[in-house]
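Overview (structure and organization)
Here is what each chain is made of, one letter per residue.
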Amino acid sequence: MRRPLVAGNWKMNGSRVVAEQLTDEISAAVLPGCDVVLCPPVPYLSIVSSRIGAAAVSLGGQDCSEHENGAYTGETAVSMLADIGCRYVIVGHSERRQNFGETDTRVAAKVAAAHSGGLVPILCLGESLAERQAQETEMVVGRQLDAILGLPEIASILPDLVIAYEPVWAIGTGESATPEQAEQVHAWIRERIASHDSGAAERIRLLYGGSVKPDNAAALFAMPDIDGGLIGGASLAADSFIAICRVAG
Ligand code: PGA
């Protein structure tokens, strides 16, 4: 049995006060059935870190540098995220791929850096609407996944890796993939991983992301290969995020 995981991706939203309130409300909720991860913007990481305290909530970054340190103005090193209390880091979110030109190669380097720095990468994969309509979902997701599966250190990365399938057309649009659409891709991803390492494929948690809300979470999470969610908009309200966590486990 894979333990469900629900991560809240706050993206570039909120303020100090919002970060404090969200953290306090979510930390106060009793959510024993799933792993809960909060991914606030970088300036609020330490605030969230200090407030989750011993709560069963983990901290995650939204991105990291593939470099260890040095002249990379504006970037955040994996060691800095770990230093401040992060256990997870989102890597390769479609907004980074689209708006910041992140290539599959760069995303793979970030996954490797996160893993070697002791963080669990939450690797995002997903196709655009045009790619889905052209029936290229498997080709695109396969290409994104193969960049990771080709890493020399993949054998040690795979057992801990978390993958989030996030169809770009479902992110922030209110139009979630149907549970069947999502399950089809999740099962396909798990099979592709199984061809590398069947044990890891069974253990690996595959999250769905894209317009998950309290009212569609149950149907999505009921699917056999959906092990939780990466939540954007609905993670910015404590009650909806907590409701989604309760559905997960
Ligand atoms: P959404 O975002 O839940 O607002 O669609 C998901 C994400 O981008 O991780």
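Source: prediction; values computed, not measured. (Residues numbered from 1 in each chain as written. Predicted model: local features only at pLDDT ≥ 70, side-chain atom pairs only at ≥ 80, totals over all residues. Heavy atoms only, no water.)

Broken down by element type, the chain carries 12 helices and eight strands. What you see for the chain is a C-alpha radius of gyration of 17 Å, in line with the 18 Å of a compact globule of 249 residues. Considered along the principal axes of its C-alpha atoms, the chain spans approximately 45 × 45 × 35 Å. Within the span of the chain, comprising 249 residues, buried residues form 55% of the whole. The long-range fraction of contacts in the chain, counting pairs at least 24 apart against all pairs at least 6 apart in sequence, stands at 72%. Entry remark: accessible area of the chain is about 10700 Å², with carbon and sulfur atoms responsible for 52%. Taking the average place of the 18 positive charges on the side chains of the chain and the average place of its 30 negative ones, the gap between the two points comes to 3 Å. (Helix = DSSP H or I, 4+ residues; strand = E, 2+ residues; numbered from the N terminus. Rg over C-alpha atoms; globule rule 2.2 N^0.38 Å. Buried < 20%, exposed > 50% of the residue type's maximum accessible area, 1.4 Å probe, protein only. Contact = heavy atoms within 4.5 Å. Areas by Shrake-Rupley, 256 points an atom, 1.4 Å probe, with all protein chains shown as cover. Lys, Arg positive; Asp, Glu negative; His and termini not counted. Charge placed at Lys NZ, Arg CZ, Asp CG, Glu CD.)

Another point: the state of the cysteines. Tallying each qualifying case throughout the model produces zero disulfides. Take Cys34: it sits in no disulfide, and the sulfur closest to it among the cysteines is that of Cys245, at 4.5 Å. (Disulfide = S-S within 2.5 Å.)

Moving on to the nonpolar core. Grouped together as the largest cluster of nonpolar side chains are 70 residues, with contacts concentrated most on Ile26, Ile148, Leu161, Ile163, Ile189 and Tyr208. The contacts of Ile26, once residues within four sequence positions are left out, are Leu31, Val36, Leu38, Val57, Ala238, Phe241 and Ile242. Formed by 13 residues, the second largest nonpolar core is a distinct cluster that contains Val37, Cys39, Tyr88 and Ala164. (Core = buried A, V, L, I, M, F, W, Y, C linked by side-chain atoms within 4.5 Å.)

Turning our eyes to something else, we now look at the sheet that holds strand 5 (residues 120-125). Reading around the circumference, 1-2-3-4-5-6-7-8 is the order of the eight strands in this closed barrel, with parallel pairing throughout. Between one strand axis and the next, the sheet turns by 25° as a mean value, whatever way the strands run. The sheet contact formed by strand 4 (residues 86-91) and strand 5 spans four bridges and is parallel. Among the inter-strand pairings, Ile90 is bridged to a residue of strand 5, identified as Ile122. (Pairing = 2+ DSSP bridges. Axes fitted to C-alpha atoms, helices over the stretch in contact; angles between N-to-C directions.)

A few words now on helix 5 (residues 104-116). Helix length check: helix 5, at 13 residues, gives a terminal C-alpha distance of 18 Å against a target of 18 Å (1.5 Å per residue), a fit within 8%. What helix 5 keeps buried is the set Asp104, Val107, Ala108, Lys110, Val111, Ala112, Ala113 and Ala114. Where helix 5 is buried, its residues contact helix 3 (78-83), strand 4, helix 4 (94-99), strand 5, helix 7 (137-149) and helix 8 (154-157). (Expected span 1.5 Å × (residues − 1).)

Most of strand 4 is tucked away, with five of its six residues classed as buried. In this sheet, strand 4 lies alongside strand 3 (residues 57-61) in parallel orientation, the contact comprising three bridges. Bridge assignment links Gly60 to a residue of strand 4, and that residue is Tyr88. Chirality of the crossover, the property in question, places the unit of strand 3, helix 3 and strand 4 among those that are right-handed. (Right-handed = clockwise from strand over helix to strand, strands pointing away.)

All right, on to the packing of aromatic side chains then. The description of an aromatic ring pair uses the distance of the two centres, along with the angle that the planes make with each other. In total, this model carries one aromatic pair according to the counting rule given. Geometrically, the ring pair formed by Tyr165 and Tyr208 is tilted, given 6.4 Å between the ring centres and 55° between the ring planes. In this pair, Tyr165 is assigned in strand 6 (residues 162-165) and Tyr208 in strand 7 (residues 205-209), connecting sequence segments 43 residues apart. It is Arg96 that lies over the ring of Phe100; its NZ or CZ is 4.0 Å from the centre. (Phe/Tyr/Trp six-rings, centres within 6.5 Å; stacked < 30°, edge-to-face > 60°. Lys NZ or Arg CZ within 6 Å of the ring centre and 35° of its normal.)

With that settled, the discussion passes to the site of the ligand. Taken together, 13 residues lie near the ligand, and Lys11, His93, Glu166, Gly172 and Ser211 sit nearest. A distance of 2.7 Å is found between an oxygen atom of the ligand and a side-chain nitrogen or oxygen belonging to Lys11. Within the backbone of Gly233, a nitrogen or oxygen atom sits 2.8 Å from an oxygen atom of the ligand. When the ligand is considered free in solution it has 280 Å² of accessible area, and contact with the protein chains removes 96% of it. Classifying every residue of the shell around the ligand by side-chain character gives four nonpolar, seven polar and two charged. (Near = heavy atom within 4 Å. Polar contact = N/O pair within 3.5 Å; in protein donor to acceptor, adjacent residues only side chain to side chain. Nonpolar A, V, L, I, M, F, W, Y, C, P; charged D, E, K, R; others polar.)

Turning next to the environment of Ala82. Topologically, Ala82 is positioned in helix 3. Here Ala82 falls in the partly exposed class, since its relative accessible area comes to 31%. Residues Ala82 and Gly199, spaced 117 residues apart in sequence, show a C-alpha to C-alpha distance of 27 Å. Apart from the residues lying within four places of it in its own chain, the contact partners of Ala82 are Gly117 and Leu119.

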